[in-house]
Amino acid sequence: MTKTDATPVLELTGIGKEFGAIRALHDVDMQVWPGEVVGLMGDNGAGKSTLVKIIAGNFRPTHGEMRFAGSAVHFNRPVDARAVGIEVVYQDLALADNLTAAANVFLGRELKRRFGPIALLDHKAMASRALELFGELRSETRPDDLVRQMSGGQRQAVAIARTRLSNARLVMMDEPTAAISVRQVEQVLGLIHRLKEQGVAVMLISHRMPDVFAVCDRVVVMRRGEKRADKSIHQTSPEEVTALITGAKEAA
Amino acid sequence: MAMPLESPISFTNVGKIRWWQRGIFASQTGYVLLALAVLLVIMHFASPYFFTQGNMQNVAKNFSFIAIATLGVTFVIITGGIDLSVGSMMCFSAMITSMVMTELSAPGSPLVHMAADGKTVLANVPGLILLISILAGLGAALIAGLVNGFCIAVLGLSPFVTTLGMLSIVRGLGYVVSNGRGSFPGGPDADYFYALTSGDVLGVPAPFIYLVILALTMAVVLHHTSFGRHVFALGGNEKAAELTGIPVVRVKIEVYVICALAAGLQGIIISGWLGSAPANMAMSYELNVIAAAVIGGANLAGGIGGPLGAIVGCVLLEVIRNGLVLAQVSSYWQQTLVGVIIILAVLVDRVRSRMT
């Protein structure tokens, strides 16, 4: 798990978040190492998405400290998190389906060529870079096709390719396998392996037990805003995780 | 789980989208362009006067009178918004322009200094008054556009309601400043003004030349700049645009300002052709403008549209109007027909997207 890097890419200590009187998260400690796939599981309202949103810079934590690659970080906006190398693949993928795959990959950070005072889009460079990224992810996706005409798996590839653009060090994926077909699930899990191969840490938020056990090295279970378990995937079982999620088993 | 490593990717499962299934061939703009071509052929056989030089100039001039504003509103429509205030904006800009022009030229008006020759100082520099008055007219539109953009992008009001309010506000202000009377471009620069707005170059009407230049600029901006890309992204998925770090608020304000400026420019050009800016000028033109944009393929749900579609929509409306006149059909039928065409154009596009 720890290759050459002794420092975790992400380290949370005592993270807590309150919304008024509601305690959404309490005292969460967590570490994620490079090239590691961590499954984040929990029932609705367990605090998974609050945790993800804190890491992604959507919320500021009320308590606790967040360190990224060894140094303390404070995010005010999602763009700040992206700047240090945290990318999120949102559940609805955040794609504009009237644009091409390449346009979506480069959305918000288009490549341009300057002609005197005006900067025009460099379509060629963006298309070839996008094709490279799709190749890395081994997804049969053409950069010039409209996202509207693509399958669920291809859309995932576009959303994931976007995270590869900036050489992200931590990619969080929110329910990437929730709404796609069996074959496409295989593709998406393959994409996660590709990220892992390249030393990227992946946090997989999912309800689907088989997917988590297929790709994750470690599973973290949340319940009622607290971390109840943090175990290597080989030392646990779907039954135990289910018990932890539902509360049949308090902690492990 | 292991996948064969293949590089470059071989597309075994993913077919290539054929040329006729992409770009303009798969768009409503394409179909309407085809319909327009058919209509032109029919007109040619129906009336010997249709393809005469005079009539063509007439058609070119007439559709240019709404096409520039249609380009502007197309920007807004692509982002998924709507601007109902373009008609009022045309009138207000035109009115401000001609009032400033007259005021700055008039001896004895309180705002200007007199030169020794009995004309105002400004009038001694040819074209200066014209420049100032046009900038004043566009400035008025700019302010209204900024207010629209601010209310919609920053305060989060609905575009429909905001611009409906602005329609009334700007029209009302037009009546206030003019006291309900029309205003006329006057003074020494009026001749330049008429030459620039209703003149022609080698038989091509000036408004048509402006239209072509602006449409080409718009095509470059929409498809080859990041601003254009962001405009489309905003219409396709606003939340995605925000999450990917696109300055959503700024882009939104910019499109409403562009739309207002286009409408202002359009109004100024129309007033040159009319020879005045009456207080009820361009009344309900917003409907023609939006209709033209929609017929040309701009999608009111956002994400789709372009300058070619805007122009094709305007030409189609004008050719129909012109055709009905030449065919000696009562011009009252025009509006009915326009309505039918709006619905037909959208219907054909719906049928097409169901089929593929």
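Everything here concerns the structure above.
Read on for a plain summary of the structure. As the structure is a prediction and not an experimental result, all values here were calculated from the model.

Here is what the cut-offs are and how they apply
- Residues numbered from 1 in each chain as written.
- Chains lettered and ligands numbered in written order.
- Predicted model: local features only at pLDDT ≥ 70, side-chain atom pairs only at ≥ 80, totals over all residues.
- Helix = DSSP H or I, 4+ residues; strand = E, 2+ residues; numbered from the N terminus.
- Buried ≥ 20, exposed ≤ 12 C-beta atoms within 10 Å, placed from the backbone.
- Contact = placed C-beta atoms within 7 Å.
- Axes fitted to C-alpha atoms, helices over the stretch in contact; angles between N-to-C directions.
- Parallel < 35°, antiparallel > 145°, perpendicular 65-115°, else oblique.
- Left-handed = near helix turned anticlockwise from the far one by under 90°.
- Nonpolar A, V, L, I, M, F, W, Y, C, P; charged D, E, K, R; others polar.
- Pairing = 2+ DSSP bridges.
- Expected span 1.5 Å × (residues − 1).

Within chain A one finds eight helices and twelve strands. With respect to the three principal axes, the spread of C-alpha positions in chain A is 60 × 40 × 40 Å. Taking all 252 residues of chain A together, 47% fall into the buried category. Put simply, of all contacts in chain A between residues at least 6 apart along the chain, 66% involve residues at least 24 apart.

Residues and elements named next belong to chain A. Within the fold, threonine 7 resides in the segment before strand 1 (10-19). Judged by C-beta crowding, with 14 C-beta atoms within 10 Å, threonine 7 ranks as partly exposed. Sequence spacing of threonine 7 and valine 73 is 66 residues, and the spatial spacing of their C-alpha atoms is 15 Å. Not counting chain neighbours up to four residues away, the residues in contact with threonine 7 comprise Ala69 and Gly70.

Turning next to the packing of helix 1 (residues 28-46) of chain B against helix 12 (residues 307-326) of chain B. Packed helix pairs are specified by the crossing angle of their axes together with the interaxial distance, meaning the distance between the axes. Residue and element names in this part refer to chain B. Contact geometry of helix 1 with helix 12 gives a least axis separation of 10 Å together with a crossing angle of 30 degrees. The angle between helix 1 and helix 12 places the two elements in the roughly parallel class. Helix-helix and strand crossings are classified by hand; for helix 1 and helix 12 the assignment is left-handed. The segment helix 1 lies against helix 12, with Thr29, Val32, Leu33, Leu36, Leu39, Leu40 and Met43 engaging Leu308, Gly309, Val312, Gly313, Val315, Leu316, Val319 and Gly323. Here the residues of the contact of helix 1 with helix 12 sort into eleven nonpolar, four polar and no charged.

Here the focus is the interface of chain B and chain A. The extent of an interface is frequently quoted as the accessible surface area lost upon association of the parts. Contacts between the two partners involve 28 residues from chain B and, on the opposite side, 27 residues from chain A. Among the elements that take part in the side of chain B that touches chain A, helix 8 (residues 226-236) of chain B stands out by supplying six residues, more than any other. Taken together, the residues of the side of chain B that touches chain A break down into 14 nonpolar, eleven polar and three charged.

This part covers the environment of threonine 244 of chain B. Position of threonine 244 of chain B among the secondary structure elements: in the loop between helix 9 (238-243) and helix 10 (248-274). Each C-alpha atom, one on threonine 244 of chain B and one on proline 188 of chain B, is 53 Å from the other, the two residues being 56 residues apart in sequence. Sequence-distant contacts of threonine 244 of chain B, defined by excluding residues within four places in its chain, comprise Ala94, Leu107 and Gly108 of chain A.

Residues and elements named next belong to chain A. Across the sheet, four strands lie side by side as 2-1-4-5; this open sheet has antiparallel pairing. Every interior strand has two partners, whereas the edge strands, strand 2 (22-32) and strand 5 (71-72), have only one. The sheet contact formed by strand 1 and strand 2 spans seven bridges and is antiparallel. Following the sheet pairing, isoleucine 15 is matched in strand 2 by valine 28.

We now examine helix 2 (residues 53-78) of chain B. All names here are of chain B. Here helix 2 contains 26 residues, and its C-alpha end-to-end distance of 35 Å stays within 8% of the 38 Å for a straight helix at 1.5 Å per residue. Burial analysis of helix 2 places 19 of its 26 residues in the buried class, which makes it a mostly covered element. Phi turns positive one or two residues past the end of helix 2, at glycine 80, with a value near 90 degrees.

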